[in-house]
Amino acid sequence: METAWKAGLEDVIAARSGICQVDGERGKLYYRGYEIAELAGTLSFEDVTALLWHGEVPSAAESAAFAARLEAARGLPPAVGDLLRALPRDAHPLDALRTAVSLAATHDPDVRSNEPEANLRKAFRLMTLVPETVAAWQRIRTGRTPVTAPGAASHAAYFLELLEGRAPSPDVARVLDLVLTLHADHELNASTFATRVGVATLTDLHAAIVAAVATLKGPRHGGANEDVLAMLLEIGEPARAESYVESRLGARAGLSKHERGDPRVRVPGFGHRVYKVDDARARVLRGMAKSMAEATGRQKLFEVAEQVYDAMRARTSLPVNVDFFSAVVYDALGIPPDFCTSIFAVGRVAGWCAHALEQYADNRLIRPRADYIGAAPRPLVDQRRRTETSMASSSKS
Ligand SMILES: CC(C)(COP(=O)(O)OP(=O)(O)OC[C@H]1O[C@@H](n2cnc3c(N)ncnc32)[C@H](O)[C@@H]1OP(=O)(O)O)[C@@H](O)C(=O)NCCC(=O)NCCS
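Residues numbered from 1 in each chain as written. Predicted model: local features only at pLDDT ≥ 70, side-chain atom pairs only at ≥ 80, totals over all residues.

A few points about the nonpolar core
1) Next: Core analysis: the biggest nonpolar cluster contains 112 residues, and Ile 209, Ala 289, Ala 305, Val 328, Val 329, Val 349 and Cys 353 have the highest contact counts within it.
2) Next: No other element matches helix α16 (residues 340–361), which puts 12 residues into this core.
3) Next: Each of domain 1 (10–221 + 337–361) and domain 2 (224–332) accounts for three or more of the residues forming this core.
4) Next: Beyond its immediate sequence surroundings of up to four residues, Cys 353 is in contact with Trp 53, Ala 123, Leu 126 and Met 127. (Core = buried A, V, L, I, M, F, W, Y, C linked by C-beta atoms within 7 Å. Buried ≥ 20, exposed ≤ 12 C-beta atoms within 10 Å, placed from the backbone. Helix = DSSP H or I, 4+ residues; strand = E, 2+ residues; numbered from the N terminus. Domains from an automatic or database assignment. Contact = placed C-beta atoms within 7 Å.)

Points about the site of the ligand
1) Next: Lining the immediate surroundings of the ligand are 17 residues, of which Ala 224, Arg 260, Arg 266, Gly 271 and Arg 273 lie closest.
2) Next: Residues that form the shell around the ligand fall into these classes: 6 nonpolar, 5 polar and 6 charged. (Near = placed C-beta within 6 Å. Nonpolar A, V, L, I, M, F, W, Y, C, P; charged D, E, K, R; others polar.)

Digging into the domain arrangement of the chain
1) Next: Per the domain assignment, the segments of the chain are domain 1 (10–221 + 337–361) and domain 2 (224–332).
2) Next: Facing 22 residues of domain 1, the contacting portion of domain 2 comprises 26 residues.
3) Next: Listed by contribution, the elements that provide at least two residues to the side of domain 1 that touches domain 2 are β2 (28–31), α1 (36–39), α8 (170–183) and α16.
4) Next: By residue number, the principal contributor to the side of domain 1 that touches domain 2 is α8, which donates 5 residues.

Here we look at the pairing of strand β1 (residues 20–23)
1) Next: Residues Cys 20 and Val 22 line the buried face of β1, whereas the alternating positions Gln 21 and Asp 23 sit on a face that is not buried.
2) Next: Bridging between β1 and β2 involves 4 bridges; their strand directions are antiparallel. Counterpart to Asp 23 in the pairing with β2 is Lys 28.
3) Next: Hairpin connection from β1 to β2: 4 residues lie between these consecutive antiparallel strands, with Gly 27 at a positive phi of about 70°. (Pairing = 2+ DSSP bridges.)

This is the structure in structure tokens:
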């Protein structure tokens, strides 16, 4: 029996999967054997999703059939719209999303079936539910009415039209398509692992995705995305970046290990459990961030990001991660900080569903062990007597 404990399950193999491979030493990422930099921009996000779910690049006919199923799943369930309108306007977008997925389960006709075709139907519905909810919540919380976009030509364009109320330019839709592909899957990241743990109990797909959204929210995971944009906006001027990084890293001196875990004394967008060097997604996003910032007149924020990047490079060996430059891209798309992680969810739901389908197809309950470090077995009666004696003596005094 394997009894060694690894903090945070570092490097522990917890599943066999044919979906995604991360090469942390070389900074490479593969979906079903294809390198991410080759896929992004070559295949549409819909085709990438089909690849993740079914294992092969779809043929033209398969691609059209997949896109048609996605389109057929469009339409925010009215109950979810009502729910969003009832939420406090300052609810975090991921809390709104998590609650919406949970409610959608109760209205889903297949919620009680884990048959492969039922799970596939639910996966298509979740693929559209996530962007629809994210966009509807953004409009509702900013005092606008949700809209529909029945004619949108692609998944990315659909989301952008739901968000803005008008069809995006082909260039902007293409940028989002790429971003979604780059975020679509990443092996056993925390939210995907949460999905697989849920699925392995044979709960329903919506329930597992609720666990995934809940897990994505944390600042160690997807939540870092919004922290990056908030940080870059706070820095504001490229000339302030170096001293900002210096003081944030400097604040760590003299802190305990536990205190150094506080996200406020880390620089979001840097560090990774698996990557030892900058990964391919970050390289693609850096190029996109530069051209998007130039196209939208937001160069200053990109310059701030570059200065933070250089300052981190000079002081640490932490690799930059996917959340760093994607925040600059989101800013150029007009997306506010607390909305960044929702876009992550719009892409990652493809990977969550891929892993869920794989887990359902070949399942065993995921039930690891704990290395028990508590008190040795001891009789309760002695403890009671001690408590009673000490209570009696303290009441006399
Ligand atoms: C991603 C992350 C959670 C990986 O964590 P991990 O593998 O568990 O690594 P640890 O948290 O054990 O960190 C190892 C050391 O590097 C430091 N470190 C890691 N990321 C850091 C960061 N972004 N800024 C400053 N120090 C960092 C830790 O404080 C720790 O140092 P210590 O032992 O002196 O306290 C971590 O790098 C992090 O918190 N990054 C910032 C948040 C982020 O960008 N998340 C998105 C991930 S895609």
